[in-house]
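The lines below spell out each chain.
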Amino acid sequence: MNGWIHFNTGASAMIPLILGLFAVCFGLVSMVVKEWLFLSDTLVALLFGVTVGPAGMGAVDPASWIDVPSVTLELTRLIIAIQVMAAGITLPKKYLTKELVSLLMLLGPVMAWMWLTSAVIIMLVFRLGFVESLLIASCVAPTDPVLANSIVRGKFAEAKVPQHVRNIISAESGANDGLGYPYLYLALYLLKFSTATEALTRWFVVVVLWEVTMSVVLGAAIGWAARKLLQFARKQGWIDHDSFLSFAISLTLLTLGLVSLVGSDDILACFVAGNTLTWDDWFREETKEAHFQDVLDTLFNFTFFIYLGTIIPWNELASGVDTLTTGRLVVSAVLILLFRRLPVVLAVTRLTPAIETFRESLFAGWFGPIGVGAVFYAMVAFNELQDTMLADLRAKQFLLPIVYSLVTASVIVHGITIPLYHIAAAVPNATSAMSEYLSRTPSLPSARLFRFSPRSPVEVGGLRLPANASGLPNHAVSIGIRQHAHHLADDIVPSSCPPDPVHTPLQASGRQDKGLPSYGSLETDGR
């Protein structure tokens, strides 16, 4: 029998085992985690990935199976494309034109502030050059549509966050993830070319005109054509229900391939195509009650954040080489989470019609998470930095550790913000209830008021009464106990709190005592 049976510990067995184990176990308690504890499912998935990865149990190590940068780039690209397509579809009718001023404000000055502020913090903390810091900061400038989606959905969002705030957060996260390319390639071209004029000229022609502008045109054309064809097929009865529901996923793949084929910004094109598909609200209304895409999003998100937890080289994040230390990573994460977005969103509240109050601005400013989009742009930058012209840059050593640490910090901090909010909101209520309870409680300790001991007389406020074998007062004297306790409570309770009428169980039911034994609890107003 020796050698007949072989255990498979390779990727073909471990990947479905780990993903299936998490999906099944988390699914059984998902309501408790998300709707009772208000924890982010992405946070739980990331922690699970760390636990089973090389830094934890060592059950899986993707680096031994695959080329991590290449697989991560394509996986993040696919997940972001699906999420920005979904973000575009969920927006109301003609939303991009109705809230154009708000979007221009968030995608212009706010995003530029996020980029520059992050770059300054990285430069000061890690002592890097400013342009190299701009390169790393461009990865974390966009807000993440995956994490933003978990913020704008669920019981907390529906109860606490107005619909217009959820819409603007979704629209911003969908659009600015595609607008990360101009910031990234501006820094790359400034590093690669000898003169600023050559870098800016190439950046404007290649990135701004071709990649960004062309992607908007292509995305709008694809979305418009898809909407017309889908409406025609639906009217003719050519498309079945399942294909109709999965149409958005199919359109995402088509847009990704077509726009990538011409070398344009495929992420931005997917968002524009999604919003154009539902421009008249027809597709959104038709699929509003379907949860097919939600299920697919959940599986993709689980997969990525478990994968992320297994590929982050935790032992290399703070290698101590140069200025890359644990302390500096922590300081940079704290400063960037505090100053990257919140101050500028608060500052432009009155210039952003979609954000009406200070509280809404505070919420939108705080929830600008760093996630899958940051990893995607980090992998794009990592591939570009393999160019021999950029071989001597210190940014190559700092790029992935800084981005990984910021993503981890954002997932943790934004994942526990809502539970902390509930705890903070509950403390004043609990304190008030306790104060009210204590103000209504007699000062005489209950141990002195009611004392019971087996087979011994019962003492009630100094009155000793006989007890039965169980240590409880006999029924013959139970009414007397209550009457005595009532008179005693008159002396204890302040005059401002008059005692309630005392009722025995028999009196409450309107029946006379028939001699049946009764060991009802003693009732006084001194509760």
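Source: prediction; values computed, not measured.

A. Geometry of the overall build of the protein. A tally of helices and strands in the protein yields 26 helices and 3 strands. Taking all 527 residues of the protein together, the buried fraction comes to 47%. For the protein, long-range pairs separated by at least 24 residues make up 76% of all intrachain contacts whose partners lie at least 6 apart in sequence. With an accessible surface of roughly 25700 Å², the protein has 65% of that area assigned to carbon and sulfur atoms.

B. Main features of unusual backbone geometry. Even without glycine at this site, Arg 127 takes up a positive phi of about 60°. Looking at the element boundaries, Arg 127 is found in the loop between helix 6 (100-126) and helix 7 (130-140). Of note in the backbone geometry, Asp 281 takes a positive phi value of approximately 75° without being a glycine. By secondary structure assignment, the location of Asp 281 is in the loop between helix 15 (266-277) and helix 16 (282-286). Since its relative accessible area comes to 15%, Asp 281 is described here as buried.

C. Molecular detail of the packing of helix 4 (residues 68-90) against helix 10 (residues 163-178). Two elements in contact, helix 4 and helix 10, have axes separated by 9 Å at closest approach and are oriented at 140°. Comparing the axis directions of helix 4 and helix 10 gives the class oblique. For the pair helix 4 and helix 10, the sense of crossing is left-handed. Along its contact with helix 4, which presents Ile 80, Val 84 and Ala 87, the element helix 10 presents Ser 170, Gly 174 and Asp 177. Across the contact of helix 4 with helix 10, the residue classes tally to 3 nonpolar, 2 polar and 1 charged.

D. Region of the structure containing helix 19 (residues 326-339). The end-to-end C-alpha distance of helix 19, which contains 14 residues, comes to 20 Å, matching closely the 20 Å that a straight helix rising 1.5 Å per residue would cover. All of the buried residues along helix 19 are Leu 329, Ser 332, Ala 333, Ile 336 and Leu 337. On an axial view of helix 19, the arc spanned by its buried residues comes to 120°, and they lie on one face.

E. Region of interest: the side chain of Thr 76. Tracing the backbone through its elements, the reader meets Thr 76 in helix 4. There is a polar contact of 2.7 Å between the side chain of Thr 76 and the backbone oxygen of Thr 72. When sequence neighbours within four positions are dropped, the list of residues in contact with Thr 76 reads Phe 304, Val 372, Val 375 and Phe 376.

F. Up close: the nonpolar core. By size, the foremost hydrophobic cluster in this structure holds 137 residues, and its most contacted members are Phe 126, Ile 136, Tyr 185, Phe 304, Phe 305 and Leu 308. Counting residues per element, this core draws most heavily on helix 6, at 13 residues. Ignoring any residue separated from it by four or fewer positions in sequence, one finds Ile 136 in contact with Ile 122, Leu 128, Ala 395, Phe 398, Leu 399, Ile 402 and Val 403.

G. Geometry of the pattern of salt bridges. Applying the stated criterion across every chain, the model contains 9 salt bridges. Among the ionic pairs, Glu 172 bridges to Arg 341, the shortest N-O distance being 2.7 Å. One end of the pair, Glu 172, is in helix 10; the other, Arg 341, is in the loop between helix 19 and helix 20 (342-347), with 169 residues separating them in the sequence. Using a relative accessible area of 3% as the deciding quantity, one classes Arg 341 as buried. Between Glu 384 and Lys 192 there is a salt bridge, with the nearest N and O atoms lying 3.9 Å from each other.

H. Up close: the environment of Leu 324. For Leu 324, the location among the structural elements is in the loop between helix 18 (314-317) and helix 19. Sequence spacing of Leu 324 and Arg 127 is 197 residues, and the spatial spacing of their C-alpha atoms is 9.8 Å.

I. Broad picture of the packing of aromatic side chains. Tallying each qualifying case throughout the model produces 17 aromatic pairs. Taking 5.4 Å as the distance between ring centres and 55° as the angle between the ring planes, the aromatic pair formed by Phe 244 and Phe 283 counts as tilted. Taken as a pair, Phe 244 in helix 13 (residues 241-245) and Phe 283 in helix 16 lie far apart in primary sequence, 39 residues in all. Over the face of the ring belonging to Phe 244 we find Arg 234, whose NZ or CZ atom lies 4.2 Å from the ring centre.

J. Looking closely at helix 7. Across the 11 residues of helix 7, 9 count as buried, placing the element largely inside the fold. For helix 7, every residue scored as buried is listed here: Glu 132, Ser 133, Leu 134, Leu 135, Ile 136, Ala 137, Ser 138, Cys 139 and Val 140.

K. Quick look at the side chain of Arg 284. You can see Arg 284 is positioned in helix 16. Within the structure, Arg 284 has its side chain in polar contact with the side chain of Asp 281 (distance 2.8 Å). Apart from the residues lying within four places of it in its own chain, the contact partners of Arg 284 are Ile 89, Thr 90, Leu 91, Pro 92 and Thr 278.

L. The arrangement of the confidence of the model for the protein in detail. This prediction gives the protein a mean pLDDT of 80; 79% of its residues lie at or above 70. In the model, residues 458-463 has pLDDT below 50 throughout and makes 23 contacts with residues more than four positions away in sequence or in other chains.

M. Molecular detail of the packing of helix 4 against helix 15. Where helix 4 meets helix 15, the axes come as close as 7 Å, and the angle between the chain directions of the two elements is 30°. By the angle between their directions, the pair helix 4 and helix 15 is classed as roughly parallel. When the axes of helix 4 and helix 15 are compared, the crossing they make is right-handed. Along its contact with helix 4, which presents Arg 77, Ile 80, Ala 81, Val 84, Met 85, Ala 87, Gly 88 and Ile 89, the element helix 15 presents Asp 266, Ile 267, Cys 270, Phe 271, Ala 273, Gly 274, Asn 275 and Leu 277. Broken down by class, the residue content of the contact of helix 4 with helix 15 amounts to 11 nonpolar, 3 polar and 2 charged.

N. The arrangement of the environment of Leu 191 in detail. Its place among the elements puts Leu 191 in helix 11 (residues 180-192). When the C-alpha atoms of Leu 191 and Leu 390 are compared, they prove to be 7.4 Å apart, with 199 residues separating the residues in sequence. Setting aside residues no more than four positions away along its own chain, Leu 191 makes contact with Val 131, Glu 132, Leu 135, Leu 390 and Leu 393.

What counts and how
Residues numbered from 1 in each chain as written. Predicted model: local features only at pLDDT ≥ 70, side-chain atom pairs only at ≥ 80, totals over all residues. Heavy atoms only, no water. Helix = DSSP H or I, 4+ residues; strand = E, 2+ residues; numbered from the N terminus. Buried < 20%, exposed > 50% of the residue type's maximum accessible area, 1.4 Å probe, protein only. Contact = heavy atoms within 4.5 Å. Areas by Shrake-Rupley, 256 points an atom, 1.4 Å probe, with all protein chains shown as cover. Axes fitted to C-alpha atoms, helices over the stretch in contact; angles between N-to-C directions. Parallel < 35°, antiparallel > 145°, perpendicular 65-115°, else oblique. Left-handed = near helix turned anticlockwise from the far one by under 90°. Nonpolar A, V, L, I, M, F, W, Y, C, P; charged D, E, K, R; others polar. Expected span 1.5 Å × (residues − 1). Arc of directions from axis to C-beta. Polar contact = N/O pair within 3.5 Å; in protein donor to acceptor, adjacent residues only side chain to side chain. Core = buried A, V, L, I, M, F, W, Y, C linked by side-chain atoms within 4.5 Å. Salt bridge = Lys/Arg side-chain N within 4 Å of Asp/Glu carboxyl O. Phe/Tyr/Trp six-rings, centres within 6.5 Å; stacked < 30°, edge-to-face > 60°. Lys NZ or Arg CZ within 6 Å of the ring centre and 35° of its normal. pLDDT = per-residue confidence, 0-100.

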